[in-house]
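Listed here are the chains, written in short residue letters.
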Amino acid sequence: MDMNPAAVHDMLYALRDPAGLPFFPWAFWGVGILTFAMHFFAVAVMIGGAGVALYGVRQDNPYWRKLGYAMADVSKIAVSVAIVLGVAPLLAVQVYYDPMWYTSNVLSAYWVITFVLALIVAYSLHYVFYFRNKKREGTPKSLWSLGGALLGYLLVGFIMHSLGYQTLSPEKWLQWYAPNGVVDNSGTKLHDFNVIRYVFFILLSVPVIGTYLMAYATYWSTRKDQDAAYLEFAFTLGRKLAMVGAAITTTLAIVYLATLPEKLHAFQTSLWAALWVIGALLPALVAWRAGKAGYRCGYRPFIVAFVGMLLIAIAREMLRYYAVIPYYNFMDYKVNLDWFTTDVFLFTFLVLGFSTLGYLLTVVWKAGKTEGVYEASPIMHVWARFNIGLMVFWTAVYFLLMTIRSF
Amino acid sequence: MELISLYPTWYDPAMGSGYWIALIATIHVLFSHTSVGAAIFFAYLVNKAYREDRPELLEFVKKYGIFLLIFSYVMGSITGPGIWYSTTVGSPKGISALIHSFVWKWATEWVFFVIEVVGVYLVIYLVGKVDKRTHTYIAFIFAAASYATMMLILGILSFMMWPGSPEWFEKGGTLYSFFGQNTFAQLMIRTGFAMAVTAVVGSIIASAFKDDALKDEVLRKLAGFGLLGVSIMIGTYFWYVQTVPANALEVMHNRMPSWFAPAIIATFGLMLLYFIVALFNTRLLTPVIAGAMVVVITVLGLFPEEITRESMRKPYVAGQYVYSNQIIARDVPGMGIKAELPKVEKYGILKVHPFLPDNLRTVTAENKLAVGKQIAVVMCSNCHQVTKTEGIRPLTDYFGGETNVDRIKRYLKGTVVAGNIMYMPRIPLKEAELDALATYIAHLNGDNAKTLAAK
């Protein structure tokens, strides 16, 4: 039997961390949404890339095969990006939805450990494929490793989906933990999941990898050593994937939203539900419009696909808000304002982080566009020295404070 | 109803949640320290390679870098969040305390981590594709970002043992919780370890080189780097032990398995020997020997060290205010945190725990055993196996096979209920709860006796 709302409210507020937050909850909420969108965009490239690779390397068509090997590499790097970017939303959710996140995890503890181990195995298998096919041509070797990696990614995706989905039903937790009054401390069960929602998020990888392929074709189009017919092939495939994939995910989004449980019926008619559908549809619209431009279509489809992901991330977070608002409002979390740590973060993120990452990504962008060795301009060297200067300054302040506070 | 902030408890009868945390943490410590040390070593080598026009040194950077991508950036970047996940299920209040105090520190570390990951790819894959100065700058940025991640995480790790300064309890804020002697000393020890382990892992790659001259040069450089690292570790260890609280030292000296200290000392000795051999006769090193040395460091050095570090902070898991059994043990006025022990004492754990079914909230003759088991799981299982006679510190080991409930109750009252054991939480149970727990322990001891008799 579900707990009554008052009891759920008392439980959730008791579980909240008494240390409070060092800044206002809306800031963490915003960071959580933005970084989830970035993380999941990388996840979509990772799964979509692995899917294209798995199909492509087995084809006799040389373009398919070339694209397959390229996407196997892209997918491998996307795993790394997804893991790195995934840290941020994981941090954020622990801050403002700590009662939900921690309870859901403890209730399925073995699956949480499995998530870590399975991701290590899957990513390692991806590297097995990479090392077995370093020439990136011919009949693929150890294809099972790429297939195993993809299956592993789908498994960890399902675990994460379930852990997130369990947070939406705090009224059921006690029944899951102690069914019929008998406590189950084993953590061996995943208690709740929604197949349509899971498939929706997984299949977002189809339109996203589609728009990625369109951007890929554009990027290489400025290099004279690239085969235009191959780029046209990648673009056409990408456009098709973007349109068909977005049509499928939009349909799934509508079905998912239409079948929400009774307590979420108010969400169905809200602006947020519309955002969810629009977010899913956007890649199809932009891919359709890019048709005339051909493989020099530019990066707009990829950027618009990210905007679509951001809309879905906002709507997803609002759905969680609707699900728990009868019991819990993260906006009234206690705040212990800590300007020191907030300022250090803002400086590191907005000044040092943006500048240094901007520099590194500019270098890699320009190096990729250059045939032969990329010679950086004097301005680029000044930018590099500025970034190193920022890091030296940051380190010096750290050790100054450490020395003052220690002695 | 008055509730306290206890989550459900995950109980793993095979290993215990503590060992899961230690296992993942040990792996992560190895990988993450290697990445930090290697980033610094790469910056040195890349700079040297371009200044002296020695492209073969870049080949080593590339080979070690690709090895590192898997060793540190596949395993390391997964086990990093993996520690969050394992502590989330094993010690949710402990990780919650750290997250809520240090969320911006972790976010700051994340910024550096992103730079570090982008940096490592660029250092490896842009060899020969960008001009020398640009590549050197990237190597410096990679090194600085990598070291910054360690500078940040160390303040959080130290807080698990001891807040940066005692003023934090009254004033709150990360300026007081983060910086302090313990953090500083630990940063130095870990800097030394990062250098030493980088040298050992790097020698797996370098010892496989076909070019003898290059092999000799790189192995000697690594050995020098490693020797410097071990020296820093040994030198700063004596500083570190002066910065930890007395009760932590007491646990370190008296409560750890007897093989830990000799194993750690032997690991230091072996590392010194390894680097000295590498300095004078590089031909003796092979990838197999280097790989074996990594295993020795992990099993005989890191694992006992991680277990010891976990144990030294007991009875607390974070900031000297969150007990290992997840109950908030003391007020922290600077953060507006109120102790939960008084509520437990006043109402009883069965009444204030949010995750107990109604049929276990009052002790009866019928449910006494089930209630006793849940009290054992909630209060003891973070550090003890509570269902079996083997595994991590089995509860039964502490009662000498006693099956008399009254005698067990008396023992519990004189020890944990009164809070008389320095490294264990105070567990102020109500009389009926104590009776249930004692009954469960007597039952366990009885089962144990039967099993022994049958054998």
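What counts and how
Residues numbered from 1 in each chain as written. Chains lettered and ligands numbered in written order. Predicted model: local features only at pLDDT ≥ 70, side-chain atom pairs only at ≥ 80, totals over all residues. Heavy atoms only, no water. Helix = DSSP H or I, 4+ residues; strand = E, 2+ residues; numbered from the N terminus. Rg over C-alpha atoms; globule rule 2.2 N^0.38 Å. Buried < 20%, exposed > 50% of the residue type's maximum accessible area, 1.4 Å probe, protein only. Contact = heavy atoms within 4.5 Å. Disulfide = S-S within 2.5 Å. Domains from an automatic or database assignment. Buried area = accessible area lost by both parts, 1.4 Å probe. Core = buried A, V, L, I, M, F, W, Y, C linked by side-chain atoms within 4.5 Å.

By the naming in an unreviewed UniProt entry, chain B is Cytochrome c domain-containing protein, taken from Sulfurivirga caldicuralii.

How should I be thinking about the overall build of chain B in this particular structure?
Each helix and strand in chain B was counted, giving 17 helices and 2 strands. Taking 23 Å as the expected radius of gyration for a compact globule of 455 residues, we find that chain B reaches 25 Å, a close match to that expectation. Its C-alpha atoms put chain B at 80 × 55 × 35 Å along the principal axes. Counting only residues that meet the buried cut, chain B has 65% of its 455 residues in that class. Long-range contacts, defined here as pairs at least 24 residues apart, represent 73% of the contacts in chain B between residues at least 6 apart.

For this particular structure, what's the right way to read the state of the cysteines?
In protein structure, a disulfide is the covalent linkage between the sulfur atoms of two cysteines. Residues and elements named next belong to chain B. Within the structure shown, the criterion is met by 0 disulfides over all chains. No disulfide involves Cys-380; its sulfur sits 8.8 Å from that of Cys-383, the nearest cysteine. According to the relative accessible area criterion, Cys-380 is buried, its value standing at 11%.

How should I be thinking about the domain arrangement of chain A in this particular structure?
A common way to report how large an interface is uses the accessible area buried once the components associate. Residues and elements named next belong to chain A. For chain A, the domain assignment lists domain 1 (5-337) and domain 2 (338-407). Here domain 1 and domain 2 have C-alpha centroids that lie 29 Å from each other. Listed per partner, the contact involves 12 residues of domain 1 and 11 residues of domain 2. Taken together, the two surfaces of domain 1 and domain 2 that pack against each other cover about 930 Å², and 57% of this comes from carbon and sulfur. Three residues, Tyr-219, Arg-223 and Leu-337, lead the burial of domain 1 against domain 2; their summed loss comes to 53% of the area buried on that side.

Quick question: what am I supposed to make of the nonpolar core here?
Among soluble globular proteins, nonpolar side chains are generally buried collectively. Ranked by size, the top nonpolar core spans 310 residues in total, and within it Leu67(A), Met71(A), Trp276(A), Phe60(B), Phe275(B), Tyr321(B) and Ile349(B) carry the most contacts. Considering each element in turn, this core owes the most residues, 22 residues, to helix 4 (residues 92-125) of chain B. Setting aside chain neighbours within four positions, we find Ile349(B) in contact with Ile4(B), Leu6(B), Ile327(B), Val344(B), Leu356(B), Ile375(B), Met379(B), Leu429(B) and Glu433(B). Of all hydrophobic cores here, the second largest spans 9 residues; its members include Met161(B), Ala185(B), Val241(B) and Met312(B).

Can you walk me through the environment of Gly51(A) in this structure?
Residues and elements named next belong to chain A. For Gly-51, the position within the fold is in helix 2 (residues 25-56). On the basis of relative accessible area, Gly-51 is assigned to the partly exposed category, the value being 29%. Remark: the alpha-carbon pair of Gly-51 and Gly-291, spanning 240 residues in sequence, is separated by 23 Å.

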